[in-house]
Number of protein chains: 2
Amino acid sequence: MTGPVELLPVPGLPEIGPGDRLGELIAAAAELRDGDVVVIAQKIVSKAEGRQRRLADVAPSPRARELAAGLDKDPRLVELILGETRAIVRDERVLIVETASGLVCANAGIDSSNVPGADEVLLLPADPDNSARRLRAEIAAASGCRVAVIVADSFGRPWRIGQTDVAIGCAGIDPLDDWRGRSDRDGRQLVATEIALADELAAAADLVRDKAAGVPVTVARGRSDLVTAADGPGAAALRRDRADDLFR
Amino acid sequence: MTGPVELLPVPGLPEIGPGDRLGELIAAAAELRDGDVVVIAQKIVSKAEGRQRRLADVAPSPRARELAAGLDKDPRLVELILGETRAIVRDERVLIVETASGLVCANAGIDSSNVPGADEVLLLPADPDNSARRLRAEIAAASGCRVAVIVADSFGRPWRIGQTDVAIGCAGIDPLDDWRGRSDRDGRQLVATEIALADELAAAADLVRDKAAGVPVTVARGRSDLVTAADGPGAAALRRDRADDLFR
């Protein structure tokens, strides 16, 4: 049986900028223990990785102008979105794409809130699983603790209103808990149950992260059973193949 | 700023059957406080509400037989699914429907695991928001505590592998935290951010709920700011209208 889990906000991080050693800053701000799951908002990961872009520097292509007109968006923003895009999923009312790293989300995850400078937007990390692995190594080196790292972002969903945080990258945790083939307590096989634990941890972490106050890191404590020695498959394991997806 | 949140599993509930006063049983098993959010797995709510069905009692219609053949499912199960269905969303490989209560999910949420009796399946509560309101009133009467109640179930998602728990019913909490029009700390308006807090609470609760051990109730403690005097709009507020949905 699982015991209690604590969700602990990590206050006291400085404003993050390009080149900052984010893992070291987190290790200094948090009182980490072995087995903690450190959930980090995508925004500060992107900021540390220099993923800010100025719209003034962007020259939109004819394709971006055409899409932007239909969507009532800034063509320079659409140009940046297309630069992150492997395939367009929907371009009616909202622009939902599959990113180069395989995430399906609105506007390729490009965000214009919480970014200083009215003209500036923030791209997702280029490879969020790689970000998670690097942050995990930095945290381990700085703290001596074996933790898991999840990079989280807020995504919308079909069918349901509102966004929830999901894991766009992870390291040191298997993002899926696969119950298929295991039995329930009546001995019946649980045939179709794979739990997206990394997404549930990302969502849980958001419960203590006040967007206005700027507390971008949460520690989830109490599921050290989930933290693995190896970095593991990353959040890539959560991405449904296009061929298996009925909604692309 | 938000403080820590604790997720506390509630052990010690008896096996639940039709007619059980589930709210009273939960109040007796949990050490509740004002401001707790009580997250209850759909299965025990359905069991208490007598939503068990025996496949042997079901006579499948021609339409159910036809769909079942294409989906390699038991036609009697498909008949039960159709009985809960307002509209079919997909019937290719999996059967995804909009239920009478407005949820979009596979198989109308009908589940065959954790139900005693090889022939027995379990329907969703007929009106999960009503279930949540009733359970909240029962818990308040038995414990004297003002809590919120969320009825949670595991749903799959387009684009992402694995299920996460979502709120199919709730009472005493506004399921959406609407940041639209509010400003971030740089004074920029957060235009598109509505957070599905009830879904994030449901997902968080699942982190301490061991499916094999049968611990179907979690208390989330630390967000008493979310618990309202009124029952509120329920999880119905999370259901995207068909006209606004690009994926139906």
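What counts, and at which threshold
Residues take numbers from 1 onward in each chain, read along the sequence in its written order. Ligands are numbered from 1 and chains lettered from A, in the order in which they are written. With pLDDT at 70 or above as the cut-off, local features in this predicted model cover only qualifying residues; side-chain atom pairs require 80 or more to be listed or tallied, and sums for whole chains, interfaces and linings still use all residues. To get an axis, a line is fitted to the C-alpha atoms, and for a helix only the part in contact is used. The angle between two axes follows their N-to-C directions and goes from 0 to 180 degrees. For the purposes of this entry, the term helix denotes a DSSP run of H or I that reaches at least four residues, the term strand denotes a run of E that reaches at least two, and both are numbered from the N terminus. Convention used here: angles under 35 degrees read as roughly parallel, angles over 145 as roughly antiparallel, angles from 65 to 115 as roughly perpendicular, and any remaining angle as oblique. Crossing handedness: left-handed means the near helix sits turned counterclockwise from the far one by under a right angle, and right-handed means the same turn made clockwise. Note that contacts rest on C-beta atoms placed from the backbone: two residues are in contact if these are within 7 Å. Under the scheme applied, nonpolar residues are Ala, Val, Leu, Ile, Met, Phe, Trp, Tyr, Cys and Pro; charged residues are Asp, Glu, Lys and Arg; polar residues are all the others, including Gly. What makes two strands pair is DSSP finding at least two bridges between them. The exposure label follows from counting other C-beta atoms within 10 Å of a residue's C-beta, where the C-beta atoms are placed from the backbone and the thresholds are 20 or more for buried and 12 or fewer for exposed, leaving partly exposed in between. A domain assignment, automatic or from a database, supplies the domain bounds used here.

Peer 1: Go over the packing of helix α1 (residues 22–29) of chain A against helix α5 (residues 128–143) of chain A with me, naming the residues and quoting the values.
Peer 2: Residue and element names in this part refer to chain A. Running from amino to carboxyl end, α1 crosses α5 at an angle of 45 degrees, the nearest separation of the two axes being 8 Å. Judged by the inter-axis angle, α1 sits oblique to α5. When you trace α1 past α5, the crossing you get is right-handed. Residues Leu 22, Gly 23, Glu 24, Ile 26 and Ala 27 of α1 form the contact with α5, whose own contacting residues are Leu 135, Glu 138, Ile 139, Ala 142 and Ser 143. Per-class residue counts for the contact of α1 with α5 are six nonpolar, two polar and two charged.

Peer 1: Explain the sheet that holds strand β4 (residues 85–92) of chain B residue by residue, including any values.
Peer 2: Residues and elements named next belong to chain B. Within the open sheet, the three strands sit side by side as β4-β5-β6. Their pairing is antiparallel. Two strands in the sheet have a free side with no partner beyond their single neighbour: β4 and β6 (104–106). In this sheet, neighbouring strand axes are inclined to one another by 25 degrees on average, regardless of whether the strands run parallel or antiparallel. Pairing of strand β5 (residues 94–99) with β6, which is carried by three bridges, proceeds in the antiparallel orientation. Counterpart to Ile 96 in the pairing with β6 is Ala 106.

Peer 1: Residues and numbers for unusual backbone geometry, please.
Peer 2: Even without being glycine, A:Trp159 reaches a positive phi, approximately 75 degrees. Positive phi, close to 70 degrees, is recorded for B:Arg93, a residue that is not glycine. Looking at the secondary structure, you find B:Arg93 in the loop between β4 and β5.

Peer 1: Let's hear about the environment of A:Glu15: which residues, and what values?
Peer 2: All names here are of chain A. As for its position among the elements, Glu 15 is in the loop between β1 (5–9) and α1. Judged by the 10 C-beta atoms lying within 10 Å of it, Glu 15 falls in the exposed class. For the pair Glu 15 and Gly 214, spaced 199 residues apart in sequence, the C-alpha separation works out to 9.1 Å.

Peer 1: Any details on the pairing of strand β1 (residues 5–9) of chain B? Residues and values, ideally.
Peer 2: Of all five residues making up β1(B), four are buried, and the element is well covered by its neighbours. Both β1(A) and β1(B) contribute to a ladder of three bridges, which runs antiparallel. From the neighbouring strand, A:Val5 faces β1(B), where its bridge partner is B:Leu7. As defined by bridge partners, β1(B) adjoins strand β12 (residues 217–221) of chain B across four bridges and the pair is classed as antiparallel. Bridging from a neighbouring strand, B:Pro9 pairs with B:Thr218 of β12(B).

Peer 1: For the domain arrangement of chain A, give the residues involved together with the corresponding values.
Peer 2: Residues and elements named next belong to chain A. Looking at the assigned domains, one finds that chain A contains domain 1 (1–51 + 125–239) and domain 2 (52–123). Each partner contributes residues to the interface: domain 1 has 13 residues there, and domain 2 has eleven residues. For the side of domain 1 that touches domain 2, the secondary-structure elements that each account for two or more residues are α2 (42–48) and β8 (148–155). Of the residues belonging to the side of domain 1 that touches domain 2, the class tally is four nonpolar, three polar and six charged.

Peer 1: Please give an account of the packing of helix α6 (residues 197–206) of chain A against helix α6 (residues 197–206) of chain B that cites residues and values.
Peer 2: Axis separation between α6(A) and α6(B) bottoms out at 8 Å; the angle between their running directions is 120 degrees. Relative to α6(B), the element α6(A) is oriented oblique. Handedness of the crossing formed by α6(A) with α6(B): left-handed. Seen from α6(A), the contacting residues are A:Glu200, A:Ala203, A:Ala204 and A:Asp206; seen from α6(B), they are B:Glu200, B:Ala203, B:Ala204 and B:Asp206.

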